[in-house]
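# Observations on the model geometry
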Amino acid sequence: MAKLWGGRFNESANELLDRFNASITFDKNLWEEDIQGSIEHAKMLYSIGLLEIGELDYILAGLKEISEEIKRGNFSFSLDNEDIHTAIESALSEKIGQAGKKLHTARSRNDQVALDFMLYCRKANQALQKILSTLIQTLLNIAKEHTQTLMPGMTHLQHAQPISFGYHLVAWCIGFKRDIQRLRASFTLSNECPLGSAAMAGTPYKNERENLARSLGFESASINAMDSVAQRDFALDLLYDIAMIMLHISRLAEELIIWSSYEFGFVQFADNFATGSSIMPQKKNPDVAELLRGKCGRAYGNLMSLLTTMKSLPFAYNKDMQEDKEAVFDSVQTAYMCLEILNESLKTLHINKANMRKMCEVGHLVATDLADFLVQEYSVAFREAHHITGICVRYAEEKGLDLSKVDIADLESILIRELGDTITINKNKLASALSLEDSMQRRNSLGGCSSDEVKRQIHAIETWLDI
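Under an unreviewed UniProt entry, the protein chain has the name Argininosuccinate lyase and belongs to Helicobacter aurati. Quoted verbatim from the Sequence similarities (unreviewed entry) heading of the UniProt record, the comment on the protein chain is "Belongs to the lyase 1 family. Argininosuccinate lyase subfamily." The Pathway (unreviewed entry) field of the UniProt record for the protein chain holds the comment "Amino-acid biosynthesis; L-arginine biosynthesis; L-arginine from L-ornithine and carbamoyl phosphate: step 3/3."

Here it is, written out as structure tokens:
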């Protein structure tokens with residue numbers, strides 16, 4: 001098959017070059033965007049007098065027919081066609097003749113691929129926003145049921161302070177909320193349409209680029225033709241956004257893996273979202289969470305791949321940029337699948353409230369509360385209160401008890417010894433300071449873990465999602 005650009009060459013392309021040069025094997029994923037752009041481009045050509053009405057009708061009918069053939073799986077994607085743009089244009093010309101050969105007037109494959117790829121990234125961006133919103137709502141629905149379910153909050157993976165399971169889930173939601181905000185910002189940055197930039201210097205035709213941009217869903221036309229075909233910022237933005245999504249998924253997955261171990265026993269995956277061992281009959285492995293954690297590296301690799309490809313490329317278009325698509329296609333597919341299975345697996349996750357509560361009685365989670373009690377009741381400087389509480393913790397460990405389980409009378413004796421025998425200890429308030437439930441509920445500052453504050457946070461996120 002003769003190349004669309006073959007007029008200047010005396011010899012046919014080497015078969016090895018055809019295979020090396022072609023992108024049709026992967027950029028065929030852009031067929032829908034390519035046809036969408038061609039339809040609007042054809043309408044524009046008619047509006048400026050470069051197509052007759054009959055020619056426009058032939059083109060639109062031909063493109064519709066090609067679209068149906070691709071949907072049915074009847075379209076042949078041949079290496080001879082090199083890329084999706086050539087494949088569709090060649091098929092159109094075969095169907096409708098001379099009118100099809102006019103379609104490429106006032107555009108180049110350079111601005112054509114920039115448009116197709118940008119449309120794909122924008123569509124993927126919106127799809128990711130939608131499924132992230134669904135995931136957040138799933139997490140919030142679970143959180144609503146657990147605003148009073150005690151669990152140990154941790155720093156350095158060491159027991160720190162009592163919190164609620166619902167509070168922890170809301171923390172996950174905030175990261176995914178930022179992911180949506182990043183995607184929204186990236187979508188705005190990709191709101192300038194490159195079509196009509198042609199190869200890199202614009203065209204001599206009055207091609208109504210602003211109207212063309214709006215017909216394709218953009219706010220405006222790009223301002224500089226050279227930059228339009230040279231940049232892939234929109235693809236890099238999407239890859240970075242996905243890398244951040246996968247980072248948040250990976251951290252969440254790590255906690256699910258830890259929590260599902262026998263050592264913790266906080267959660268258990270449903271049977272239909274777990275796997276077994278080929279040799280150990282008792283095993284129930286959190287493979288979903290482990291794969292979610294592992295696929296993060298894949299997303300990072302795709303981002304680094306395109307960053308490296310684009311580094312030091314001279315303006316405008318270079319064939320290196322053909323390497324931009326596979327990384328994006330892979331990251332989009334990976335992220336969407338990960339979000340989808342994470343969302344579904346969370347819906348059937350079993351929560352072991354008893355184990356969470358039991359683990360709150362390990363690690364002296366109320367130590368900070370005891371220090372705060374001394375500050376609030378006896379005006380003790382916090383640093384001194386910290387020291388005295390440390391003495392109480394040491395006493396608890398010597399007795400083999402958690403601080404929350406030490407006899408009030410014993411603690412009263414230690415406090416009087418350290419503060420002076422003129423001090424009268426309010427035993428009710430001291431008992432409250434050592435209560436795990438009271439500790440969690442006391443933290444009612446903005447962003448805190450009290451039940452009422454967590455409910456407020458849930459409401460704030462749902463309002464932001466407009467649910």
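## Re helix α4 (residues 53–72)
Compared with an ideal rise of 1.5 Å per residue, which puts 20 residues at 28 Å, α4 spans 29 Å between its outermost C-alpha atoms and is within 8% of the ideal. Just downstream of α4, Gly-73 is the residue with a positive phi angle, here 80 degrees.

## What about the packing of helix α7 (residues 109–144) against helix α13 (residues 325–347)?
At a closest axis distance of 10 Å, the pairing of α7 and α13 adopts a crossing angle of 15 degrees. Overall, the two elements α7 and α13 adopt an arrangement that is roughly parallel. When you trace α7 past α13, the crossing you get is left-handed.

## Considering a negative patch on the surface
On the surface, Glu-192, Glu-219, Asp-227 and Asp-233 cluster together into a patch of negative charge. With respect to the helices and strands, the residue Glu-219 is situated in the loop between α9 (209–215) and β4 (220–221). Note on Glu-219: relative accessible area 59%, which makes it exposed.

## Overview of the environment of Gln-112
Looking at the element boundaries, Gln-112 is found in helix α7. A sequence separation of 84 residues divides Gln-112 from Gly-196, and the C-alpha atoms of the two residues are 8.3 Å apart. In this view, Gln-112 contacts Asp-34, Ser-38, His-85, His-104 and Arg-107; residues no more than four positions away in its chain are not counted.

## Section: the UniProt feature "domain: Argininosuccinate lyase C-terminal" (unreviewed entry) in the protein chain
Within this structure's numbering, the places UniProt gives as "domain: Argininosuccinate lyase C-terminal" (unreviewed entry) are residues 365–440. Strand forms 0% of residues 365–440 and helix 70%; the C-alpha atoms that close the span are 10 Å apart.

## Structural notes on unusual backbone geometry
Residue Ala-316 follows Phe-315 across a cis peptide bond; omega there is 10 degrees. Positive phi outside glycine occurs at Glu-82, with the angle close to 75 degrees. On the secondary structure map, Glu-82 appears in the loop between α4 and α5 (84–96). The exposure class assigned to Glu-82 is buried, which follows from its relative accessible area of 6%. For His-156, which is not a glycine, the phi torsion comes out positive at approximately 60 degrees. On the secondary structure map, His-156 appears in the loop between β1 (150–155) and β2 (158–164).

Calculation criteria
- Residues numbered from 1 in each chain as written.
- Predicted model: local features only at pLDDT ≥ 70, side-chain atom pairs only at ≥ 80, totals over all residues.
- Heavy atoms only, no water.
- UniProt positions renumbered as here; feature names shortened; annotations may be inferred.
- Helix = DSSP H or I, 4+ residues; strand = E, 2+ residues; numbered from the N terminus.
- Expected span 1.5 Å × (residues − 1).
- Axes fitted to C-alpha atoms, helices over the stretch in contact; angles between N-to-C directions.
- Parallel < 35°, antiparallel > 145°, perpendicular 65-115°, else oblique.
- Left-handed = near helix turned anticlockwise from the far one by under 90°.
- Patch = residues over 30% accessible without salt bridge, like charges linked within 9 Å, V, L, I, M, F, W, Y side chains within 5 Å.
- Areas by Shrake-Rupley, 256 points an atom, 1.4 Å probe, with all protein chains shown as cover.
- Salt bridge = Lys/Arg side-chain N within 4 Å of Asp/Glu carboxyl O.
- Lys, Arg positive; Asp, Glu negative; His and termini not counted.
- Charge placed at Lys NZ, Arg CZ, Asp CG, Glu CD.
- Buried < 20%, exposed > 50% of the residue type's maximum accessible area, 1.4 Å probe, protein only.
- Contact = heavy atoms within 4.5 Å.

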